[in-house]
Amino acid sequence: MTIQTVRGVRDILPEESGRWLFLEERARRILAQYGYRELRTPVFERTELFARAVGETSDIVEKEMYVFEDRGGESLCLRPEGTASAVRSFIEGSRHRSLPWRVFYLGPMFRYERPQKGRFRQFHQLGCELFGPEGPLADAEMMALVLRLLREIGIAGAVTLEINSLGCPVCRGPYRERLTAHLESVRAALCGNCQRRLERNPLRVLDCKEENAALLEAVPQMRDHLCGGCAAHFQGLVGHLERLGLPYRINPLMVRGLDYYHRTAFEAVAEGLGAQNAVAAGGRYDGLVAEMGGVATSAVGFAMGLERLLLLMDESLGGAIAPEVYLVVAGDEGVEGYGLGVAEALRGAGFRVEMHLTGGGMKSQMKHAGRSQAPLTVIVGQQEAQEATVMLKQMESGTQESLPVGGLVERLRQLTG
Ligand code: ATP
Ligand code: MG
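Check the secondary structure of the protein chain and you find 15 helices and 16 strands. Relative to the compact-globule value of 22 Å for 417 residues, the protein chain shows a C-alpha radius of gyration of 28 Å, a clear excess of over 25%. For the C-alpha atoms alone, the extent of the protein chain along its principal axes is close to 90 × 55 × 45 Å. In the protein chain, buried positions account for 49% of the 417 residues. Partitioning the contacts of the protein chain with sequence separation of at least 6, the portion at a separation of at least 24 is 69%. Accessible area of the protein chain: about 20500 Å², with a carbon and sulfur share of 50%. Here the protein chain carries 48 positive and 52 negative side-chain charges, and the mean point of each set is 3 Å from the other.

Bringing the sheet that holds strand β14 (residues 376-380) into the picture now. Taking strand neighbours across the sheet as the criterion, the 5 strands line up as β13-β12-β14-β15-β16 in an open arrangement whose pairing is mixed. Each of the sheet's edge strands pairs with one partner strand only, and the pair in question is β13 (353-355) and β16 (400-404). Going from strand to strand, the sheet's axes swing by 25° on average, the running direction of each strand aside. Each of β12 (325-329), β13, β14 and β15 (389-394) is contacted by helix α12 (residues 333-348), which is oriented at about 165° to β13, the strand it contacts most.

Another point: the domain arrangement of the protein chain. Annotation of the protein chain at the domain level lists domain 1 (14-168 + 227-312) and domain 2 (325-411). Using C-alpha coordinates to define each centre, domain 1 is positioned 49 Å away from domain 2.

Next up on the list: the layout of surface pockets. The calculated volume of the second largest pocket comes to roughly 260 Å³. Around the second largest pocket, the lining residues are Phe44, Glu45, Arg46, Glu48, Leu49, Arg52, Val87, Arg88, Ile91, Glu92 and Met292. Taken together, the elements giving at least two residues each to the lining of the second largest pocket come down to β2 (44-46), α2 (47-53) and α4 (83-92).

The environment of ligand 1 is formed by 16 residues, the closest being Arg111, Glu113, Phe120, Arg256 and Ala278. Within the contact set of ligand 1, an oxygen atom lies 2.8 Å away from a side-chain nitrogen or oxygen of Arg111. Within the complex, 91% of the 580 Å² of free accessible area of ligand 1 lies under protein. No other element matches the 4 residues that strand β10 (residues 278-284) contributes to the shell around ligand 1.

What follows covers the packing of aromatic side chains. Considering all chains together, one arrives at 6 aromatic pairs under this definition. Here the aromatic rings of Tyr66 and Tyr112 are separated by 5.8 Å at their centres, their planes lie at 80°, and the arrangement is edge-to-face. Of this pair, Tyr66 sits in the loop between α3 (59-64) and β3 (67-69) while Tyr112 sits in the loop between β5 (101-110) and β6 (122-131), and the two are 46 residues apart along the sequence. Classification of Tyr66 as partly exposed rests on a relative accessible area of 24%. When its relative accessible area of 46% is taken as the criterion, Tyr112 is described as partly exposed. Their ring planes at 85° and their centres at 6.3 Å tell us that Phe131 and Tyr285 sit as a pair that is edge-to-face. Residue Phe131 is located in strand β6, and its partner Tyr285 is located in the loop between β10 and α10 (288-291); the two are separated by 154 residues in the primary sequence. By relative accessible area, Phe131 is classed as buried at 0%. Classification of Tyr285 by relative accessible area gives buried; the value is 1%. Taken together, the ring pairs connect Phe90, Trp101, Phe131 and Tyr285 into an aromatic cluster. Its guanidinium or amino end placed over the ring of Tyr36, Arg102 lies 5.5 Å from that ring's centre, counting from NZ or CZ.

What follows covers the packing of helix α5 (residues 136-152) against helix α9 (residues 228-244). Where α5 meets α9, the closest approach of the two axes is 8 Å, and the angle between their N-to-C directions is 40°. Comparing the axis directions of α5 and α9 gives the class oblique. Pair α5 / α9 crosses with right-handed handedness. For the pair α5 and α9, the contacting residues are Pro136, Leu137, Asp139, Ala140, Met143 and Ala144 in the first and His233, Gly236, Leu237, His240, Leu241 and Leu244 in the second.

In an α-helix, one turn spans 3.6 residues, which is why side chains three or four residues apart end up on the same side. Within the sequence span of helix α7 (residues 192-200), burial applies to Cys194, Arg197 and Leu198. Along the long axis of α7, the arc covered by the buried residues comes to 110°, so they all point the same way. Turned more than 90 degrees from where α7 packs its buried face, Gly192 and Glu199 sit exposed. Packed against the buried residues of α7 are α3 and α6 (169-185).

Let us now look at empty space enclosed by the protein. Gaps between atoms show up when a probe of the same size as a water molecule is rolled over them. Applying the stated criterion across every chain, the model contains 2 cavities of 30 Å³ or more. Of the voids in this model, the largest cavity is the one considered here, and its volume is about 80 Å³. If you go around the largest cavity, the residues you meet are Thr57, Asp59, Glu62, Lys63, Asn193, Arg196, Arg197, Arg200, Asn201 and Arg204. Elements supplying a minimum of two residues to the lining of the largest cavity: α3 and α7. Considering each element in turn, the lining of the largest cavity owes the most residues, 4 residues, to α7.

Direction of pairing for β14 relative to β15: antiparallel, over a ladder of 4 bridges. By the bridge assignment, Thr377 is partnered in β15 with Lys393. Joining the antiparallel neighbours β15 and β16 is a turn of 5 residues, in which Gly398 adopts a positive phi near 85°.

Calculation criteria
- Residues numbered from 1 in each chain as written.
- Chains lettered and ligands numbered in written order.
- Predicted model: local features only at pLDDT ≥ 70, side-chain atom pairs only at ≥ 80, totals over all residues.
- Heavy atoms only, no water.
- Helix = DSSP H or I, 4+ residues; strand = E, 2+ residues; numbered from the N terminus.
- Rg over C-alpha atoms; globule rule 2.2 N^0.38 Å.
- Buried < 20%, exposed > 50% of the residue type's maximum accessible area, 1.4 Å probe, protein only.
- Contact = heavy atoms within 4.5 Å.
- Areas by Shrake-Rupley, 256 points an atom, 1.4 Å probe, with all protein chains shown as cover.
- Lys, Arg positive; Asp, Glu negative; His and termini not counted.
- Charge placed at Lys NZ, Arg CZ, Asp CG, Glu CD.
- Pairing = 2+ DSSP bridges.
- Axes fitted to C-alpha atoms, helices over the stretch in contact; angles between N-to-C directions.
- Domains from an automatic or database assignment.
- 1 Å grid on protein atoms, 1.4 Å probe; cavity = no way out; pocket = protein on both sides within 12 Å on 5 of 7 lines; lining within 4 Å.
- Points joined across faces, edges and corners; volume = space filled by probe spheres on them.
- Near = heavy atom within 4 Å.
- Polar contact = N/O pair within 3.5 Å; in protein donor to acceptor, adjacent residues only side chain to side chain.
- Phe/Tyr/Trp six-rings, centres within 6.5 Å; stacked < 30°, edge-to-face > 60°.
- Lys NZ or Arg CZ within 6 Å of the ring centre and 35° of its normal.
- Parallel < 35°, antiparallel > 145°, perpendicular 65-115°, else oblique.
- Left-handed = near helix turned anticlockwise from the far one by under 90°.
- Arc of directions from axis to C-beta.

Structure representation (C-alpha cells):
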C-alpha cells in the first residue's frame, strides 16, 4: 500500500504554484502600499487561545479544530484562523504602547470540515489586522484594500462586498432578546442545528446555510436596533464607501460565524462557488483585546481564502516561468563539464538557464529544448568545447550563430532586451 495525502488536504503542484506565487506577490505589493507588515505566528497554539478568542459556541471551536495533546500533556491545536494569534502577539508584545499596529499574515489554517469545492481541511488565508483606530475610517480603508486586491487579480467583477453592523454590547443584548422571542415563535420551522443554536447563540441562526430564507424575512434586524454610537459608526462607514465610489450592498442578515465581532461585519461574496461563496470576511472586534487580558484596544480585520480566490482567477494568470535559455550539451565528460561552466556563467549574469542533464543525442535534446519554451538554446559539442565557443539558436526563427563564449552574455542581453 502506498501512502496518500490526508482527506481534505492536498499538494500544490509545481504546475499550480506559479499561480499561487502570482497571487501572493500581488497581495504583498498591495499590503505594503497600505502600510501592513507581515506577522508570522506559529502554526500551533494552546487550545485555550481559540476557545477564548473565537468562542466556545462557534462552529470552529465546537467541531472543527485539530486538537491534540503534546508529550508533556498540554492541549494544543493547529490554528483554525489567524486573528486569535495576532491578538495574542499584540498583547504579549505590549503593542498598545505604539498604536496603530498594522499586520498581515499569510499561511495555512486547519479545520476539520467536510471537504468539497473551495473547502479543505488545510487551506490558506491572507488576513490583515489593524489595532488602534476606532472610527469607520479604518473600516473603510480596509474594505478599499480588499477591493483593490480583488481588482488587481482580475476578480472584482465577480465579487460583491456585503456589509452590516452587529451592534455593540449596549445594543446587542436587547436585540438578542427580541430576536430570540421571534425565533421561539417559529421554532418548529427551524432546522435541527438552528434549534440548538437558539439556546446558545440565537444570532447564529441568521447565518444558517440551510434554505430558510422565507423564515428569516420577517426576523427583527440588528440594523433597526443599533444604539446611537453604532448607528453613527455605520453611517460613517457608508459615507466613506460612497465617497470612494466603492460598490457595496447592505446585507442585514449577515452575522459572521465568530463571536468577537462588534459593529462592522463584511464579506466579499462571489458568484459561482456554491455554498463556499465567501472569498473574504472580516469586521471590527473592539472588545477582543480586553477580553483576552490586554489593554482595551479597538481593532478591525479580515481574512481571505486563497483557494477560493484561485478558483475565480483567470487561468492565464501566473503560469509557469519558462527558462530564458536551454543548454544542450552533446559529448564526453569534458564537453559536459564545459557546458556546465557555461550554464553557471549565464546564471551568474542573471539568466534563467535549464541545462540538459540526461545525455542523449542532439535530436532528442533539441526536442527537450523546444518543450521547455525557452526562446534561446545554447548548443555545446566537442568542437565548441575545444574552441571555447558556443552555438546559439533563436528558437522562433531558427537562426543559428557561432560565437566565442566570452561574448555570449552580451549577445543574450541584446536578444532578450
Ligand atoms: P464559510 O462560511 O465558507 O465556512 P467562514 O465564515 O468559516 O467561511 P472565516 O472563518 O471568516 O470563514 O474565514 C475567512 C475566509 O477563509 C472565508 O471567507 C473563506 O474564503 C476561507 N475559508 C474558510 N474556511 C475554509 C475552508 N475550510 N477551506 C477553504 N477556505 C476556507
Ligand atoms: Mg466555516
